[in-house]
Amino acid sequence: CNVGVVPVDGQLTTERSKDIIDSFTLAQAIRRLAAEEHAAMVLLIDSDGGTLPAAEEIRRAVDEVKLPVVAFVRGYALSGGYLVAASADYIVAQASASLGNIGVVSSYLEETEHNKKEGYTLREIVTGTYKEVGHSAKVLTPEHQQYLQEFINDLFVVFADAVRKDRTLSEEEFSAVADGKFYVASKAKELKLIDEV
């Protein structure tokens, strides 16, 4: 069968390591397969997401492909994994697959009380009011929380615009799925997140 196949597994990251295939390597594999004489390409997706830059890098490579591209979701296409799936021309999922989880998160464990109990004190030597925003050894001020929320909202716009465009969803259709929920394949099809179970 003259079909190129690219597995998109696990956490999507821009960082290269021994155990994880980074987004640059995946994007290059997609481009190499597209340059060969294939009739189509299949993305075998089983990913619960990762960083938005990693998912966006893979998505851009899929967008460059001039062949028909089908995403086949084996287990999960969540968050960034769904963003990659949405870039395909057609999405098929197993009946038990989980899809969606459209949203952006950036959380951390604040350690200020633990550090205080242990006798640790943070000594700051820093320039810029926002340089250490989100540092686990600092209490998050309302001003810094608002700044981080605005940053996350801006990232979400990037995610949202890509999914709306790739899946040709109206504002109303997108709003129905843009709350971080994930869905079993049959429900995802009803919501236009996939094309076939």
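The preceding data block contains the structure.
Since the structure is predicted, the reported quantities are computational estimates derived from the model, not experimental observations.

A. Representation of the overall build of the chain within the structure. Check the secondary structure of the chain and you find seven helices and six strands. Mapped from its N terminus to its C terminus, the chain presents α and β elements in the order β-α-β-α-β-α-β-β-α-α-α-β-α. Referenced to the eigenvectors of the C-alpha coordinate spread, the extents of the chain come out at roughly 65 × 40 × 30 Å. Out of the 197 residues belonging to the chain, those deemed buried represent 38%. Carbon and sulfur atoms make up 52% of the accessible area of the chain, which amounts to about 11,600 Å² in all.

B. Structural context of the packing of aromatic side chains. Applying the stated criterion to the full structure yields two aromatic pairs. Aromatic pair Tyr130 and Tyr147: ring centres 4.7 Å apart, planes at 40°, arrangement tilted. Of this pair, Tyr130 sits in the loop between helix 4 (112-118) and helix 5 (142-167) while Tyr147 sits in helix 5, and the two are 17 residues apart along the sequence. Judged by its relative accessible area of 34%, Tyr147 is partly exposed. Aromatic side chains Phe156 and Phe174 sit 6.2 Å apart centroid to centroid with 35° between the ring planes, which places their arrangement in the tilted category. In this pair, Phe156 sits in helix 5 while Phe174 sits in helix 6 (residues 171-175), placing the two residues 18 residues apart along the sequence.

C. Geometry of unusual backbone geometry. One non-glycine residue, Ser79, lies in positive phi territory at about 50°. Structurally, Ser79 is set in the loop between strand 3 (69-78) and helix 3 (80-86). For Thr168, which is not glycine, the phi dihedral falls at a positive 45°. Here Thr168 is to be found in the loop between helix 5 and helix 6.

D. The arrangement of helix 5 in detail. Taking 1.5 Å per residue, 26 residues should reach 38 Å; helix 5 reaches 36 Å between its end C-alpha atoms and fits that length. Burial in helix 5 covers these residues: His144, Ile152, Phe159, Ala160, Ala162, Val163, Arg164, Asp166 and Arg167. Elements that come into contact with the buried residues of helix 5 comprise helix 2 (52-64), helix 3, strand 4 (90-93) and helix 6. Looking one or two residues beyond helix 5, the residue adopting positive phi is Thr168, at roughly 45°.

E. Helix 2, seen in detail. Along its 13 residues, helix 2 runs 18 Å from first to last C-alpha, staying within 8% of the 18 Å computed at 1.5 Å per residue. For helix 2, the set of buried residues is Leu52, Ala54, Ala55, Glu57, Ile58, Arg59, Ala61 and Val62. In this fold, the buried residues of helix 2 make contact with helix 1 (23-35), strand 2 (40-47), strand 3, helix 3 and helix 5.

F. Summary view of the side chain of Ser98. In this fold, Ser98 is placed in strand 5 (residues 98-100). Excluding residues that lie within four positions of it along the chain, Ser98 makes contacts with Gly75, Tyr76, Ala77, Leu78 and Tyr183.

G. The packing of helix 1 against helix 2, seen in detail. Where helix 1 contacts helix 2, the axes come no closer than 9 Å and their chain directions differ by 5°. On the basis of the axis angle, helix 1 is roughly parallel to helix 2. Contacts from Ser23, Phe24, Leu26, Ala27, Ile30 and Arg31 of helix 1 reach helix 2 at Ala54, Glu57, Ile58, Ala61, Val62 and Glu64. Class assignment of the residues belonging to the contact of helix 1 with helix 2 gives a composition of eight nonpolar, one polar and three charged.

About the cut-offs
- Residues numbered from 1 in each chain as written.
- Predicted model: local features only at pLDDT ≥ 70, side-chain atom pairs only at ≥ 80, totals over all residues.
- Heavy atoms only, no water.
- Helix = DSSP H or I, 4+ residues; strand = E, 2+ residues; numbered from the N terminus.
- Buried < 20%, exposed > 50% of the residue type's maximum accessible area, 1.4 Å probe, protein only.
- Areas by Shrake-Rupley, 256 points an atom, 1.4 Å probe, with all protein chains shown as cover.
- Phe/Tyr/Trp six-rings, centres within 6.5 Å; stacked < 30°, edge-to-face > 60°.
- Expected span 1.5 Å × (residues − 1).
- Contact = heavy atoms within 4.5 Å.
- Axes fitted to C-alpha atoms, helices over the stretch in contact; angles between N-to-C directions.
- Parallel < 35°, antiparallel > 145°, perpendicular 65-115°, else oblique.
- Nonpolar A, V, L, I, M, F, W, Y, C, P; charged D, E, K, R; others polar.

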